[in-house]
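Below are the chains, spelled out letter by letter.
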Amino acid sequence: MTSGPRAYERAAAPNFASRLRLPRGTVLPNRLVKAAMEEQLAGRGGRPDDRLVTLYRAWDRGGAALMLTGHVMVDRSAVAQPADVVLDATSDLAPFRAWAAAAETSSFWMQINHPGRVVQRDTGSRALAPSAVPVDVGSLSKLFPAPTPMTAGDIRDTVERFAVTAELAEQAGFAGVEIHAAHGYLLAQFLSPLVNKRTDEWGGSLRNRARLLLDVVAAVRARVSPGFGLAVKLNSADFQRGGFDLEDAHHVISWLSDSVDFVELSGGSVESLATAGHPADGRTLEREAYFLKLAGELVEDTSVPLMLTGGVRRAPVAEDVIASGFSLVGVATALAQRPDAPLGWLAGEEGEVAPPRSALRSRPLRAAAVQASITARLHDLSRDRPGRPLAPTAALVADRYRRSRAKRRNRREG
């Protein structure tokens, strides 16, 4: 069956339209996943409100078998952005139950995260890290406070916070959680030899650097029911010379394989904008499915299902990901622009969704402007106003305004 002017011929099974059963029992009717995007749509007290419900209802109708939320903070004293959702022991679960109920056809999982040192000064958040290594983003580095090395008590507290958030997510009605250990956030900071300079049991060897992630996974698994979904988002590489790389990822995946339903592979961080096409180590990424060539090397020797995210904007590219041995394909930016793209792809449309672009000369500002354009689109969809997308530069200005409003609200509430 085909529809639309640009159709393609699907490859032999398995393909992205085929059914998949995950290790803990979740059955997915296809292999397409709405990947995490930071919505910046938290209401008062870091709670989800009707806007997030509206947004995820649109994606639920769009055909993806699984939806991942944008990252939900496990510690309200450490948030990446002032309008990030927070779920902790003090949270009212009622709005989270309403959010979870937005999914009627998709399996709906919550991504949970601690930003570590990747917090901006103006949020007032604690900048915790494995070691006192500051964020280096050139002229924008001053936006980030100097991080405080974590004590053993801080580490134990963080493990408990992840476990509590996962337990509450299950109580609220989510089908699983994804632990964020990529993109330079706290768990990725511990994995990175460039950021983790510790000489104790959480530093040095890769096994020690992975200890926090493995402890978090074990604590979450012990706190939730056996059939509750559990995944980890991991960098295939940080794309920084001397950083976490492919061989490291291979070992970490093997250590996770008995505990998780799948591992999502991505790449880069705020210091190495791989997802924006600017890796700090100078490597050339693919124009589409950025990490397929690199991460594809992990497929053959891995027993756990793998998901690839980054730069998937056409059905044939999604098919290439599955044909390369990945079990799931994550789609993010394309679903901000066209929430129902999976339905078209499943019907045989090629359905290319062009990404937003910016002409700003500064790489960090260009990446921020493109991200702001995507965020603006999510805000429009959350109000059921899928109008014409803002140009990236205009979106960046609007994003600064929204961010200021969220900060003022947080100060009043605090």
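For the structure, check the block above.
A brief look at the structure comes next. Not measured: the values here are computed from a predicted model.

1. Re the overall build of the protein
(1) Moving on: Helix and strand counts for the protein come out as 13 helices and 13 strands.
(2) Moving on: Sorting the 414 residues of the protein into buried and exposed places 61% on the buried side.
(3) Moving on: In the protein, once contacts between residues fewer than 6 apart in sequence are set aside, the share between residues at least 24 apart is 70%.
(4) Moving on: A total accessible area of about 16500 Å² is found for the protein, and carbon and sulfur atoms account for 49% of it.

2. Section: the nonpolar core
(1) Moving on: Ile179, Leu213, Leu234 and Leu265 are the most contacted members of the largest nonpolar core, which has 111 residues in total.
(2) Moving on: Setting aside residues up to four positions removed in sequence, Ile179 forms contacts with Ile112, Phe162, Leu187, Leu213, Val216, Val217, Val220, Leu230, Ala231, Val232 and Lys233.
(3) Moving on: One finds Val118, Val137, Phe144 and Tyr185 within the second-largest nonpolar core, a separate group that totals 6 residues.

3. Thoughts on the pairing of strand E10 (residues 229-237)
(1) Moving on: Counted residue by residue, E10 has 9 buried out of 9 residues, so it is predominantly covered.
(2) Moving on: Bridging between strand E9 (residues 176-181) and E10 involves 6 bridges; their strand directions are parallel. Looking at E10, one finds that Gly176 is bridged to Gly229.
(3) Moving on: Summarising the sheet, E10 and strand E11 (residues 262-267) pair through 6 bridges and their orientation is parallel. Across the sheet, the residue bridging to Lys233 is Glu264, located in E11.

4. Examining the packing of aromatic side chains
(1) Moving on: Under the defined criterion, the tally for this structure stands at 8 aromatic pairs.
(2) Moving on: For the pair Tyr56 and Trp59, a centre-to-centre distance of 4.9 Å together with 75° between the ring planes defines the contact as edge-to-face. Placement of the pair is Tyr56 and Trp59 together in helix H1 (residues 50-60), with a separation of 3 residues, close to one helical turn. The two residues Tyr56 and Trp59 agree in class, both being buried.
(3) Moving on: Ring centres of Trp99 and Phe174 lie 5.7 Å apart, and the angle between their planes is 85°; on these two criteria the pair is classed as edge-to-face.

5. Quick word on helix H7 (residues 246-256)
(1) Moving on: Within the span of H7, buried status applies to Leu246, Asp248, Ala249, Val252, Ile253 and Leu256. The arc that holds every buried residue of H7, seen down its axis, measures 150°, which confines them to one face.

6. Considerations on the environment of Leu298
(1) Moving on: Relative to the helices and strands, Leu298 resides in the loop between helix H8 (292-295) and strand E12 (306-309).
(2) Moving on: Note on Leu298: relative accessible area 1%, which makes it buried.
(3) Moving on: Remark: the alpha-carbon pair of Leu298 and Gly325, spanning 27 residues in sequence, is separated by 9.4 Å.
(4) Moving on: Apart from residues no more than four positions distant in its own chain, Leu298 is found in contact with Leu246, Ala249, His250, Ile253, Leu265 and Leu306.

7. Description of the packing of helix H6 (residues 211-223) against H7
When two helices pack together, you describe them by how their axes are tilted relative to each other and by the distance separating the axes.
(1) Moving on: Orientation of H6 relative to H7, taken along the N-to-C sense of each, is 25°, at an axis distance of 11 Å. When the axis of H6 is compared with that of H7, the two are roughly parallel. For the crossing formed where H6 meets H7, the hand is right-handed. On H7, the residues that touch Leu213, Leu214 and Val217 of H6 are Val252, Trp255 and Leu256.

8. Comments concerning unusual backbone geometry
(1) Moving on: Look at Gln40: it is not a glycine, yet its phi comes out positive at around 55°.
(2) Moving on: Gln40 gets classed as buried once you look at its relative accessible area, which sits at 12%.
(3) Moving on: Located in the positive-phi region is His183, a residue other than glycine, with phi close to 55°.
(4) Moving on: Following the sequence through the fold, His183 ends up in the loop between E9 and helix H4 (186-191).

9. Points about the side chain of Lys233
(1) Moving on: Here Lys233 lies in strand E10.
(2) Moving on: Not counting chain neighbours up to four residues away, the residues in contact with Lys233 comprise Gln111, Glu178, Ile179, His180, Ala181, Ala182, His183, Glu264 and Ser266.

10. Things to note about a positive patch on the surface
(1) Moving on: Taken together, the side chains of Arg383, Arg385, Arg405, Arg408, Arg411 and Arg412 present a region of like positive charge at the surface.
(2) Moving on: For Arg385, the location among the structural elements is in the loop between helix H12 (363-382) and helix H13 (392-413).

11. A look at the packing of helix H3 (residues 152-172) against H6
(1) Moving on: Two numbers describe how H3 lies on H6: the axes approach to 8 Å, and their chain directions differ by 40°. For the pair H3 and H6, the sense of crossing is right-handed. Counted together, Ile155, Val159, Glu160, Phe162, Ala163, Val164, Ala166 and Glu167 of H3 and Leu212, Asp215, Val216, Ala219, Val220 and Arg223 of H6 form the full contact between these two elements.
(2) Moving on: Here the residues of the contact of H3 with H6 sort into 10 nonpolar, no polar and 4 charged.

12. What to know about the pattern of salt bridges
Think of it this way: side chains of opposite charge can pair up when their charged atoms draw near.
(1) Moving on: For the coordinates displayed, the defined rule picks out 12 salt bridges.
(2) Moving on: Here Asp75 and Arg126 are joined by a salt bridge, their closest N and O atoms 3.2 Å apart. You can see Asp75 sitting in the loop between strand E5 (72-73) and helix H2 (94-100) and its partner Arg126 sitting in the loop between strand E6 (107-113) and strand E7 (128-129), a full 51 residues away along the chain.
(3) Moving on: Taking the relative accessible area as the measure of exposure, Asp75 reaches 3% and is therefore buried.
(4) Moving on: Arg126 gets classed as partly exposed once you look at its relative accessible area, which sits at 36%.
(5) Moving on: A salt bridge links Glu264 to Lys233; the nearest nitrogen and oxygen atoms lie 3.6 Å apart.

13. Details of the side chain of Asn196
(1) Moving on: Its location among the elements puts Asn196 in the loop between H4 and helix H5 (206-209).
(2) Moving on: Within the structure, the side chain of Asn196 is placed 2.8 Å from the backbone oxygen of Phe190, a separation counted as a polar contact.
(3) Moving on: Here the side chain of Asn196 touches Trp202 through a polar contact of 2.8 Å, landing on its backbone oxygen.
(4) Moving on: Once residues lying within four places of it in the same chain are set aside, the contact partners of Asn196 are Pro130, Ser131, Gln189, Phe190, Trp202, Gly203 and Arg209.

Cut-offs and rules
- Residues numbered from 1 in each chain as written.
- Predicted model: local features only at pLDDT ≥ 70, side-chain atom pairs only at ≥ 80, totals over all residues.
- Heavy atoms only, no water.
- Helix = DSSP H or I, 4+ residues; strand = E, 2+ residues; numbered from the N terminus.
- Buried < 20%, exposed > 50% of the residue type's maximum accessible area, 1.4 Å probe, protein only.
- Contact = heavy atoms within 4.5 Å.
- Areas by Shrake-Rupley, 256 points an atom, 1.4 Å probe, with all protein chains shown as cover.
- Core = buried A, V, L, I, M, F, W, Y, C linked by side-chain atoms within 4.5 Å.
- Pairing = 2+ DSSP bridges.
- Phe/Tyr/Trp six-rings, centres within 6.5 Å; stacked < 30°, edge-to-face > 60°.
- Arc of directions from axis to C-beta.
- Axes fitted to C-alpha atoms, helices over the stretch in contact; angles between N-to-C directions.
- Parallel < 35°, antiparallel > 145°, perpendicular 65-115°, else oblique.
- Left-handed = near helix turned anticlockwise from the far one by under 90°.
- Patch = residues over 30% accessible without salt bridge, like charges linked within 9 Å, V, L, I, M, F, W, Y side chains within 5 Å.
- Salt bridge = Lys/Arg side-chain N within 4 Å of Asp/Glu carboxyl O.
- Lys, Arg positive; Asp, Glu negative; His and termini not counted.
- Charge placed at Lys NZ, Arg CZ, Asp CG, Glu CD.
- Nonpolar A, V, L, I, M, F, W, Y, C, P; charged D, E, K, R; others polar.
- Polar contact = N/O pair within 3.5 Å; in protein donor to acceptor, adjacent residues only side chain to side chain.

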